[in-house]
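Chain and residue survey
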Amino acid sequence: MKKIVILSLVVLLLMGISFSAGSAQEFKPKTEYTMTLNVGNTMGWGMGAQKWCDLINERTGGKINVKPYWGSQLLAGKQMNWFQAVAEGSIDFAVESTINSSPVVKSHNLFSLPFFINTFENLDKIEYGETGKKLFAEMEKMQVKALAWGENGFRQLTNNIRPVRTPEDTKGLRLRVCPTPIYDDIFKQLGADPIHMNWADAVTGFQQGAVDGQENPYGILLPVKIWEYHKYVTNWNYLADPLLFVVNKRVWDSFPKDIQTIIKETAEEAGMWEKAFVRRGLDGDISINLLKDKFGETPDILDQIAYVKTMGMEVAKLTEAELNAFKEATKPVLDKWITEVGTDFVAAAKLDMAK
Ligand code: X2X
């Protein structure tokens, strides 16, 4: 009798084990997970996204297949809609800019506060500090699981009318801007004429001379050959444009632990590569060395600023005094938007930057 009881206990235990193993095996990945991003694969941003997809595929032995859809094609070009689409689950993954989520997630305007962050050091302190954690936690509550940071870059002003060194010089310039309210406030404050255009239409706009200028980081200026449209660039680091490597929360929760680990680690790896690639030559030797030492790569163009000069652009690197004049001029916009961003996020960022 005792033997029978023990035997049936063993059988029950084995059934239990096989049942739980069975449920882990029940995870059936979709044949394709979609990924949205606003640019193509000629940009560092796009290459970083492709790298993430490739690494996921490789390290899951082909089990997880994420496909990038370039140029916001899943959003019919509407770059400001990515966050909602990933939150709802109509798109699974994204490598996207905080600018393009800023109308939906107010705190993301933190990075667009004019002349607030200014340096790579400050930006890294915010991303990897308490502020970054707070931002990731907020997104998770909104059903978007953020896994790593990438970078579009500090945005610089280009135009085809005149060199810009003072707030006076921006007056009357017709500038293509990302379709988001903080941009209107900044450029109206500077006396310019901000014109909303999705990136999908912007390059045609430059070609047709529909605008006098625009603003984007070097990581975009080079691949888009901005010198074909604009002669002048102003290096003013006036606001930062980080990228987020994200996945819909329910999709994330559907992955077994080992796959989650792979997806998180590859996001960090691709993000690290992507940041170094777009920063190369803009932070002394730091990013160039990182690309060489960690990834065994030496990109063709190492000095992006020197490169646009050889292509005929006139580069204005602003002095401290010149930067201060812009800072002064845009102060009312900063004050207004600190409230919009949330004083708690701004305070956290200030603390991180002071560390
Ligand atoms: O639209 C832009 O300017 C771009 C490509 O930089 C972003 O998506 C923020």
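For clarity, every value in this text was computed on a predicted model and none was experimentally measured. (Residues numbered from 1 in each chain as written. Predicted model: local features only at pLDDT ≥ 70, side-chain atom pairs only at ≥ 80, totals over all residues. Heavy atoms only, no water.)

With that out of the way, let us pick up the nonpolar core. If you look at the biggest cluster of nonpolar residues, it comprises 57 residues, and the most contacted ones within it are Leu110, Leu113, Phe116, Tyr183, Phe187 and Trp236. Both domain 1 (28-152 + 241-293) and domain 2 (156-239 + 302-354) contribute no fewer than three residues apiece to this core. Counting 44 residues, the second largest nonpolar core, distinct from the first, contains Ile56, Ala148, Met197 and Val247. (Core = buried A, V, L, I, M, F, W, Y, C linked by side-chain atoms within 4.5 Å. Buried < 20%, exposed > 50% of the residue type's maximum accessible area, 1.4 Å probe, protein only. Domains from an automatic or database assignment.)

Inspection of the entire model under this criterion finds one cavity of 30 Å³ or more. When its volume is computed, the largest cavity comes out at roughly 90 Å³. If you go around the largest cavity, you meet 15 residues; those closest to its centre are Asn38, Trp45, Gln79, Arg155 and Asn216. When the residues that make up the lining of the largest cavity are grouped by side-chain class, the tally is six nonpolar, six polar and three charged. (1 Å grid on protein atoms, 1.4 Å probe; cavity = no way out; pocket = protein on both sides within 12 Å on 5 of 7 lines; lining within 4 Å. Points joined across faces, edges and corners; volume = space filled by probe spheres on them. Nonpolar A, V, L, I, M, F, W, Y, C, P; charged D, E, K, R; others polar.)

Turning our attention to the layout of surface pockets. For the largest pocket, the calculated volume is near 620 Å³. In this structure, the largest pocket is lined by 30 residues; those nearest its centre are Asn118, Gln156, Trp236, Asn237 and Lys317. The set of elements that each furnish at least two residues to the lining of the largest pocket consists of α5 (120-127), β4 (144-154), α10 (218-221), α12 (257-279), α14 (304-310), β11 (314-317) and α15 (320-329). In terms of residue class, the lining of the largest pocket is built from twelve nonpolar, ten polar and eight charged. Each of domain 1 (28-152 + 241-293) and domain 2 (156-239 + 302-354) contributes no fewer than three residues to the lining of the largest pocket. (Helix = DSSP H or I, 4+ residues; strand = E, 2+ residues; numbered from the N terminus.)

As a further point, take the packing of aromatic side chains. As enumerated under the stated definition, the model contains 21 aromatic pairs in all. Look at phenylalanine 206 and tyrosine 229: their rings are 6.1 Å apart centre to centre, the planes differ by 50 degrees, and that puts the pair in the tilted class. With a gap of 23 residues between them, phenylalanine 206 in helix α9 (residues 199-207) and tyrosine 229 in the loop between α10 and β9 (232-235) connect regions that are remote in the sequence. Residue phenylalanine 206 shares its accessibility class with tyrosine 229, and that shared class is buried. Through pairs of rings, three or more aromatic residues link up here, namely Phe27, Tyr33, Trp52, Phe93, Phe245 and Phe255. Positioned above the aromatic ring of phenylalanine 345, the side-chain terminus of lysine 134 is 4.8 Å from the ring centre. Sitting over the ring of phenylalanine 277, arginine 280 keeps its end group 4.2 Å from the ring centre. (Phe/Tyr/Trp six-rings, centres within 6.5 Å; stacked < 30°, edge-to-face > 60°. Lys NZ or Arg CZ within 6 Å of the ring centre and 35° of its normal.)

The next point concerns the environment of aspartate 201. Along the chain, aspartate 201 falls in helix α9. Considering only alpha carbons, one finds aspartate 201 and glycine 77, 124 residues apart in sequence, at a separation of 8.3 Å.

Once that is clear, we can look at the domain arrangement of the protein. Considered domain by domain, the protein is made up of domain 1 (28-152 + 241-293) and domain 2 (156-239 + 302-354). On a C-alpha basis, the centres of domain 1 and domain 2 stand 23 Å from each other. Residue-level contacts link 43 residues of domain 1 with 42 residues of domain 2. Of the roughly 3700 Å² buried where domain 1 meets domain 2, counting both sides, 67% is carbon and sulfur surface. Of all residues in domain 1, Pro114, Phe115 and Phe116 give up the largest surface area on contact with domain 2, accounting jointly for 20% of the area buried on that side. Taken together, the connections running from domain 1 to domain 2 amount to one salt bridge. Taking the shortest distance from any N to any O, the salt bridge between aspartate 344 and lysine 134 comes out at 3.3 Å. Across the contact surface, domain 1 and domain 2 share twelve residue pairs in polar contact (both at pLDDT 80 or more). Residue classes in the side of domain 1 that touches domain 2 are distributed as 19 nonpolar, 15 polar and nine charged. (Contact = heavy atoms within 4.5 Å. Buried area = accessible area lost by both parts, 1.4 Å probe. Salt bridge = Lys/Arg side-chain N within 4 Å of Asp/Glu carboxyl O. Polar contact = N/O pair within 3.5 Å; in protein donor to acceptor, adjacent residues only side chain to side chain.)

The next thing to look at is the packing of helix α2 (residues 44-59) against α12. Packing of α2 against α12 leaves a shortest axis separation of 9 Å and a crossing angle of 150 degrees. By the angle between their axes, α2 is roughly antiparallel relative to α12. Judged by the sense of rotation from one axis to the other, the crossing of α2 with α12 is right-handed. Residues Gly44, Trp45, Met47, Gly48, Lys51, Trp52, Leu55, Ile56 and Arg59 of α2 form the contact with α12, whose participating residues are Ile262, Ile263, Thr266, Ala267, Glu269, Ala270, Trp273, Glu274, Phe277 and Val278. Among the residues making up the contact of α2 with α12, the classes are represented as twelve nonpolar, three polar and four charged. (Axes fitted to C-alpha atoms, helices over the stretch in contact; angles between N-to-C directions. Parallel < 35°, antiparallel > 145°, perpendicular 65-115°, else oblique. Left-handed = near helix turned anticlockwise from the far one by under 90°.)

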